[in-house]
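Results of the structural survey
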Amino acid sequence: EAGVAQSPRYKIIEKRQSVAFWCNPISGHATLYWYQQILGQGPKLLIQFQNNGVVDDSQLPKDRFSAERLKGVDSTLKIQPAKLEDSAVYLCASSYGDPGRGETQYFGPGTRLLVL
Amino acid sequence: AQSVTQLGSHVSVSEGALVLLRCNYSSSVPPYLFWYVQYPNQGLQLLLKYTSAATLVKGINGFEAEFKKSETSFHLTKPSAHMSDAAEYFCAVSGGGGNKLTFGTGTQLKVEL
């Protein structure tokens, strides 16, 4: 079974530029998550999708971050414009069901973003 | 809101020694608890999870964890450390009225010869 795929793996941009990350979840997984992991910290949930719909985006900085999940499969996360504090690893995960029922989340390798 | 606290951001053990990584949770109702491992430049991999079926949970790579409700703990152990265990370990909680997975700050495990 193929795992969660993410691209690119690394990205370096200047502040105020825009950047986009792509995620392809495990086939059949209805729930998709984007996390931000700052160095030395645990992952923080940015947004959670259930199929096409957003379940939780309470910690997504909506003035600069946006995400979409078209057709309930692939997803993209965009930052525009980027700030220095956005430097982090962006992890995508997917699960069959929702975490409130103890479903296991499977993580991709992440995209390491450096904003200069 | 549910949360987890991992005591010790860095733990160092000798190869062959007992590994003990501590995790305490906060939840008003029985939660689901997870341990994930992250190797350098990789995503998170599930080690084990507690879903109320049994208090002692066995995971991959010889790790296990015991759910202790009276102590609100879910510590991770391994009888004998191997060099390949060097990584960062995250405890996480979900359920208990919450619908998302909340991670601790992580513990970096170093294994020395």
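Residues numbered from 1 in each chain as written. Chains lettered and ligands numbered in written order. Predicted model: local features only at pLDDT ≥ 70, side-chain atom pairs only at ≥ 80, totals over all residues. Heavy atoms only, no water.

1. Some thoughts on the state of the cysteines
Residues and elements named next belong to chain A. Selection criterion: The disulfide definition used here is simple: a pair of cysteine sulfur atoms within 2.5 Å. A run of DSSP states H or I qualifies as a helix once it reaches four residues; a run of E qualifies as a strand once it reaches two. Both are numbered from the N-terminal end. The buried label goes to any residue with under 20% of its type's maximum accessible area, the exposed label to any with over 50%, and the partly exposed label to all in between, with areas taken from a 1.4 Å probe on protein chains only.
Under the counting rule described, the total for this entry stands at two disulfides over all chains. Two residues share a disulfide in this structure: C23 and C92, whose sulfurs sit 1.9 Å from each other. Across the disulfide from C23 to C92, rotation about the S-S bond amounts to roughly -70°, and the bridge is consequently left-handed. Taken together, the residues C23 in strand 3 (residues 19-24) and C92 in strand 9 (residues 88-95) connect sequence positions 69 residues apart. Residue classification places C23 among the buried residues on the basis of a relative accessible area of 0%.

2. Topic: the interface of chain A and chain B
To keep it simple, the criterion reads: Contacts are assigned to residue pairs that have any heavy atoms within 4.5 Å of one another. Here's the idea: put two parts together, see how much 1.4 Å probe accessible area each one loses, and the total over both is what we call buried area. Salt-bridge detection follows one rule: a side-chain nitrogen of Lys or Arg within 4 Å of a carboxyl oxygen of Asp or Glu. In the analysis that follows, any N or O atom pair within 3.5 Å is treated as a polar contact, provided that within protein one partner can donate a hydrogen and the other can accept it, and provided that, for residues neighboring in sequence, both atoms belong to side chains.
Each partner contributes to the interface: chain A provides 26 residues, whereas chain B provides 21 residues. Interface area for chain A against chain B, summed over the two sides, is near 1,700 Å², with a carbon-plus-sulfur share of 49%. On the chain A side of the interface with chain B, the three residues burying the most area are G102, T104 and F107 of chain A, jointly 24% of the side's total. Counting the contacts that link chain A with chain B gives zero salt bridges. Along the contact surface separating chain A from chain B lie six residue pairs in polar contact (both at pLDDT 80 or more).

3. Notes on the layout of surface pockets
Residues and elements named next belong to chain A. Spelled out, the test is: Both cavities and pockets are sets of points on a 1 Å grid over the protein atoms alone; in a cavity a 1.4 Å probe fits but cannot get out, in a pocket the set is open with protein on both sides within 12 Å along at least five of seven lines, and lining residues sit with an atom within 4 Å of a point. Grid points are joined across faces, edges and corners, and a volume is the space filled by probe spheres set on the points. Residue type decides the class: Asp, Glu, Lys and Arg count as charged, Ala, Val, Leu, Ile, Met, Phe, Trp, Tyr, Cys and Pro as nonpolar, and the leftover types, Gly among them, as polar.
Empty space within the largest pocket amounts to approximately 520 Å³. If you trace the largest pocket, you find 28 residues lining it, with Q37, L39, G40, V89 and R112 closest to the centre. Top contributing element to the lining of the largest pocket by residue count: strand 11 (residues 111-115), with four residues. For the lining of the largest pocket, the residue count by class is eleven nonpolar, 14 polar and three charged.

4. Notes on the sheet that holds strand 3 (residues 19-26) of chain B
Residue and element names in this part refer to chain B. Heads up, the condition is: Following DSSP output, two strands are said to pair if at least two bridges run between them. Each axis is a line fitted through C-alpha atoms, taken for helices only over the stretch in contact, and angles between the N-to-C directions span 0 to 180 degrees.
Read across the sheet, five strands follow the order 1-3-8-7-6 without closing on themselves; strand pairing throughout is antiparallel. Each edge of the open sheet is held by one strand with a lone partner, namely strand 1 (3-7) and strand 6 (56-58). Neighbour to neighbour, the strand axes of the sheet diverge by 20° on average, direction disregarded.

5. As for the sheet that holds strand 3 of chain A
Two orientations exist for strands paired in a sheet by backbone hydrogen bonds: parallel and antiparallel. Residue and element names in this part refer to chain A. Read from one edge of the open sheet, four strands run 1-3-8-7, paired in antiparallel fashion. The sheet is open, and its two borders are formed by strand 1 (5-7) and strand 7 (65-68), each paired with just one other strand. Taken over all neighbouring pairs, the strand axes of this sheet differ in orientation by 15° on average, direction set aside. With four bridges connecting them, strand 7 and strand 8 (residues 75-79) associate as antiparallel partners. Opposite S66, over in strand 8, you have K78 as the bridge partner.

6. With respect to unusual backbone geometry
All names here are of chain A. Residue P8 is bonded to the preceding S7 through a cis peptide linkage, with omega at -10°. Inspection of the secondary structure assignment puts P8 in the loop between strand 1 and strand 2 (10-13). The amide bond that connects Q80 to the next residue, P81, takes the cis arrangement and shows omega of -5°. As for its placement among the helices and strands, P81 is situated in the loop between strand 8 and strand 9. For K71, which is not glycine, the phi torsion reads 60° and is therefore positive. Residue position: K71 is located in the loop between strand 7 and strand 8.

7. Observations concerning the nonpolar core
Residues and elements named next belong to chain B. Filter applied, for reference: The criterion is simple. A nonpolar core is a set of buried Ala, Val, Leu, Ile, Met, Phe, Trp, Tyr and Cys residues joined through side-chain atoms within 4.5 Å.
Of all hydrophobic cores here, the largest spans 27 residues; its most connected members are W35, L48, F74, L76 and Y89. Sorting the residues of this core by element identifies strand 2 (10-14), strand 3, strand 4 (31-38), strand 5 (44-50), strand 7 (64-68), strand 8 (73-78), strand 9 (87-95) and strand 11 (107-112) as the ones contributing at least two each. Residue contacts for L76: discarding those within four places in its chain leaves V19, L20, L21, W35, L47, L48, F63, E64, A65 and Y89.

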